[in-house]
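# Survey of secondary and tertiary structure
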Amino acid sequence: MISTAMNRDIEVAEAVDGNIHEVTQESKPTVGKSRGGWKLALVLLANQGLATLAFFGVGVNLVLFLIRVLDQQSATAANNVSIWTGTVYLFSLLGAFLSDSYWGRYLTCAIFQVILVLGLGLLSLTSWLWLIHPHGCGGVGNYCQPTSKVGVFLFYLSIYLIALGYGGHQPTIATFGADQFDEKDPKQQSSKAAFFAYFYFALNVGCLFSNTILVYYEDKGLWTMGFLVSLGSAILGLVSYLAASPWYRYIKPCGNPLPRVAQVFVAAFRKLRVAPASPDNLYELEGTKSAIKGSRKILHSNEIMFLDKAATITEKDQTAAEKNPWRLCTVTQVEEAKCVLKMLPIWLCTIIYSVVFTQMASLFVEQGDVMESHIGKFHLPAASMSAFDICSVLICTGLYRQCLVPLAGRLSGNPKGLSELQRMGVGLIIGLLAMVAAGATEIARLRGVIPGEKISSLSIFWQIPQYVLVGASEVFMYVGQLEFFNGQAPDGIKSFGSSLCMASISLGNYVSSLLVNMVTHFTAKGGDPGWIPNNLNEGHMDRFYFLIAILAALDFVVYLFCAKWYKGINLQGSEQEIEIMENQKRNGLQGYEQETQITETQHGSSSIHGKPQDESVLNKV
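In what follows, the accompanying structure is described. Every value quoted in this text rests on a predicted model; they were computed, and no experiment measured them. Starting afresh in each chain, residues are numbered from 1 along the sequence in its written order. With the structure being a predicted model, the display of local features is reserved for residues of pLDDT at least 70 and the display and counting of side-chain atom pairs for 80 or more, all residues being used for whole-chain, interface and lining totals. Values shown for side chains rest on all heavy atoms present in the structure; no hydrogens or waters enter the calculation.

## With respect to the overall build of the chain
The way it works is that DSSP assigns letters per residue, a run of H or I at least four long becomes a helix, a run of E at least two long becomes a strand, and they are numbered from the N terminus. In terms of regular secondary structure, the chain is built from 20 helices and two strands. Burial here depends on accessible area, computed with a 1.4 Å probe over protein chains only, as a share of the maximum for the residue type. Under 20% is buried, over 50% is exposed, and the range in between is partly exposed. Per-residue burial for the chain yields a buried fraction of 56% across its 621 residues. We call two residues in contact whenever any of their non-hydrogen atoms come within 4.5 Å of each other. Long-range contacts, defined here as pairs at least 24 residues apart, represent 83% of the contacts in the chain between residues at least 6 apart. Only the protein chains shown count as covering a residue, and every accessible area follows the Shrake-Rupley method with a 1.4 Å probe. Summed over all atoms, the accessible surface of the chain reaches about 26,600 Å², with 63% contributed by carbon and sulfur.

This is the structure in structure tokens:
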């Protein structure tokens, strides 16, 4: 199913790719080799799958490695894994910053993949030489000899190199893949939206191998072999990425955005007593050239009008020998700062969903570990139940692309089916239902507890609904996030937009840990074991799941207000570009030659400047 949908998207996109002119510097970020298209996007999708396989080959069983090999207590190991996981996704902000500001998408991906390979190589070597003694230790009930300080130091150095490499690579590869499509063209814009769905699909294909095959062998004590498989996957991904270098579509970095945004706030506060000028009188450069290197102009919006003071021209600005960017900013610069502020409320509303997502790697596993998990004589590892989440993602991605998008498109008139904000809202609701299902399963599990026994008689397969619901919610929430933050971020901070999704997961880990500590503090008093004791049969983990469901419901109400308030970014283009895009939508490729003549006429004119686009026209495009 997924391959059918993907082939359809590729065929449409390739037909357009052969007829698209190279993007001009005035209307689009500076482009090097304007090739790209689906063939290069597929290389990047494969790269993402291989990098994810390599990363989760380490992360999926890291807590068991810390307990069995490094002899850590369960609580200490779980805390160390939470800190490490949170750090992985915080590194995504670093990768996004370097990508947008200095290195560009291509070089950033290459450098962080090299770091990932080095970390995996060091981990493989360290486990073989210093940690896995005697050979084969670290399996079920088979603990290793005490480790040396050198081995422990190199182990932590290696896993944090892996965190740095994967964290910096993750948001940048998503944005670089989106760069392979020209969003000026409606059909390529559709392909760009499809890319994010397939990007998450590729990520979960990599997870599926790690969470089934590798987790099984590592659980048996073959840690070094598992790490070597991850290393080989990362090397293969890096080699294939570099091999396609001559054919990528490159977009140059737009400089450090931090001073640009800071200048807007400083200039606005310096004119605190100045009334903001009308939109027509705000300061902006003439013509289509933007003050931000390699970025398109952004048209004025009516939100957060206070920041318009930064683009208001005063007498002091007029008499100054030269423009001071800390006193006077362009409309585009002001709107870039507004975009960041407008995206933040939406982003904050996604953190509670990430708390839901985080439970799969923690409480879901602990819950499954005290359920009946034997199929005959075969013992099913509790962590392997996440395979149902991954399968749900893969199936729902295909259903979404092939069934839901066409159906919703016909009903709503939106070719994307549901908007990004609508999809994120649906994902939040499904995530809420997953917590309700987990709570119901826990109630049933407690009823099946046999006095004096650790394991409940309830089968572990009763967890399938909660895993499937989380997987379905990911397709709507995380794919929607990738599209939304990448599409709404200005040209100068595209990777930053993609990194917000990763940062949400990071904060979700920290918030989840905080919630667990708070619940334990308030419920474990006066001899009461609390909701989440060491012996889950004495607790009420179902109440914790229902608490998260309530928080998700409250978060959804806040999200509705934020989504309703949000107004999208409005990029400037010329009248000719709008006409060309509308003709392409109506006539397809048959009208391309005529549209090219219009484009040539535009380049032949000397006095055509960009004109603010009507929002209804932008919505159509």
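Having put the structure on the table, let's press on.
## Description of the environment of Trp128
Within the fold, Trp128 resides in helix H4 (residues 74-131). Taking the relative accessible area as the measure of exposure, Trp128 reaches 56% and is therefore exposed. As for Trp128 and Met225, which are separated by 97 residues in sequence, their C-alpha atoms are 9.3 Å apart. Among residues more than four places away in sequence, those in contact with Trp128 are His133 and Thr224.

## Considering the nonpolar core
Core analysis: the biggest nonpolar cluster contains 126 residues, and Phe65, Phe155 and Ile346 have the highest contact counts within it. The element contributing the most residues to this core is H4, with 12 residues. Taken domain by domain, the makeup of this core includes at least three residues from each of domain 1 (34-253) and domain 3 (337-588). Discounting residues that sit within four places of it in the chain, Phe155 has contacts with Leu62, Phe65, Leu66, Leu70, Leu123, Thr126 and Leu131. To qualify as a nonpolar core, a set must consist of buried Ala, Val, Leu, Ile, Met, Phe, Trp, Tyr and Cys residues joined through side-chain atoms within 4.5 Å. The next biggest cluster of nonpolar side chains, apart from the first, holds 11 residues, and it includes Ala267, Ala268, Leu307 and Ala311. Source of the domain bounds: an automatic or database domain assignment.

## Observations concerning a nonpolar patch on the surface
Exposure above 30% relative accessible area and the lack of any salt bridge qualify a residue for a patch; like charges then connect within 9 Å, and the nonpolar side chains Val, Leu, Ile, Met, Phe, Trp and Tyr within 5 Å. Any Lys or Arg side-chain nitrogen located within 4 Å of an Asp or Glu carboxyl oxygen qualifies as a salt bridge. Judged by side-chain polarity, Phe209, Ile213, Tyr216, Tyr217, Leu222, Met225, Val229, Ile375, Phe378 and Phe461 come together as a nonpolar surface patch covering roughly 800 Å² of accessible area. Every element with two or more residues in the nonpolar patch is listed here: helix H6 (186-219) and helix H7 (223-243). The leading source of residues in the nonpolar patch is H6, at four residues. Mapping Tyr216 onto the fold places it in helix H6. On the basis of relative accessibility, which here comes to 32%, the residue Tyr216 falls in the partly exposed class.

## Topic: the pattern of salt bridges
Scanning all chains against the criterion turns up 12 salt bridges. In this structure, Lys454 and Asp369 form a salt bridge, with 4.0 Å as the shortest nitrogen-oxygen distance. Linking Lys454 in the loop between helix H14 (420-447) and helix H15 (464-488) with Asp369 in helix H12 (residues 363-369), this pair joins segments that are 85 residues apart in sequence. A salt bridge links Arg423 to Glu483, with the nearest nitrogen and oxygen atoms 2.8 Å apart. One end of the pair, Arg423, is in helix H14; the other, Glu483, is in helix H15, and 60 residues separate them in sequence. Glu483 carries the same exposure label as Arg423, and that label is buried. Connected via shared salt-bridge partners are Asp100, Arg105 and Asp179.

## Brief notes about unusual backbone geometry
In this chain, His133 is followed by Pro134 through a cis amide linkage whose omega measures 0°. Located in the positive-phi region is Asp71, a residue other than glycine, with phi close to 60°. Summarising the element assignment, Asp71 is placed in the loop between helix H3 (62-68) and H4. A positive phi angle, close to 50°, is found at Ile304, a residue other than glycine. Its place among the elements puts Ile304 in the loop between helix H8 (257-270) and helix H9 (315-319). Taking relative accessible area as the criterion, Ile304 reaches 28% and is therefore assigned partly exposed.

## Here's the deal with the packing of helix H2 (residues 38-59) against H7
When two helices pack together, their arrangement is given by the angle between the helix axes and by the axis-to-axis distance. Angles here are taken between N-to-C directions and fall from 0 to 180 degrees, while the axes themselves are lines fitted to C-alpha atoms, restricted in helices to the stretch in contact. Between H2 and H7, the shortest axis-to-axis distance is 8 Å and the interhelical angle comes to 160°. The orientation of H2 relative to H7 falls into the category roughly antiparallel. Considering the relative orientation of H2 and H7, their crossing is left-handed. Of H7, the residues touching H2 (which contributes Val43, Leu44, Asn47, Leu50, Leu53, Ala54, Gly57 and Val58) are Phe227, Ser230, Ser233, Ala234, Leu236, Gly237, Leu238, Ser240 and Tyr241. Residues are grouped as follows: nonpolar covers Ala, Val, Leu, Ile, Met, Phe, Trp, Tyr, Cys and Pro; charged covers Asp, Glu, Lys and Arg; every other residue, Gly included, is treated as polar. Of the residues assigned to the contact of H2 with H7, the class counts are 11 nonpolar, six polar and no charged. By definition in this entry, angles of less than 35 degrees are roughly parallel, angles greater than 145 are roughly antiparallel, angles of 65 to 115 are roughly perpendicular, and the rest are oblique. Handedness of a crossing follows from how the near helix is turned relative to the far one, being left-handed for an anticlockwise turn of less than a right angle and right-handed for a clockwise one.

## Quick notes on helix H10 (residues 331-349)
Count 3.6 residues to each turn of an α-helix, and residues three or four apart come out pointing the same way. A helix's residues, less one, multiplied by 1.5 Å, set its expected span. Between the first and last C-alpha of H10 there are 28 Å, a value that for 19 residues agrees with the 27 Å anticipated at 1.5 Å per step. Residue Met343 marks the point of greatest curvature in H10, where the axis turns by about 25°; the proline Pro345 follows within four residues. Counting buried residues along H10, 15 of its 19 residues qualify, which places the element largely inside the surrounding structure. A residue's bend is given by the angle between axes fitted to the 7 residues ending at it and the 7 residues starting at it.

## Concerning helix H5 (residues 149-179)
Here H5 contains 31 residues, and its C-alpha end-to-end distance of 45 Å stays within 8% of the 45 Å for a straight helix at 1.5 Å per residue. Extensive coverage of H5 is indicated by the burial of 23 of its 31 residues.

## Observations regarding the packing of aromatic side chains
Only Phe, Tyr and Trp rings are paired, with Trp represented by its six-membered ring, and only when their centres lie within 6.5 Å; those with planes under 30 degrees apart are stacked, over 60 edge-to-face, the remainder tilted. What the rule picks out here adds up to 33 aromatic pairs. Look at Phe176 and Tyr250: their rings are 6.2 Å apart centre to centre, the planes differ by 35°, and that puts the pair in the tilted class. Within this pair, whereas Phe176 is found in helix H5, its partner Tyr250 is found in the loop between H7 and H8, the two being separated by 74 residues in sequence. The exposure class of Phe176 is buried, given its relative accessible area of 1%. The rings of Trp38, Phe181, Phe195, Phe196, Tyr198 and Phe199 are connected pair by pair, giving a single aromatic cluster. Two conditions define a charge sitting above a ring: the NZ of Lys or the CZ of Arg must be within 6 Å of the ring centre, and it must be within 35 degrees of the ring normal. The positively charged end of Lys342 is found above the aromatic ring belonging to Tyr566, 5.9 Å away from the centroid.

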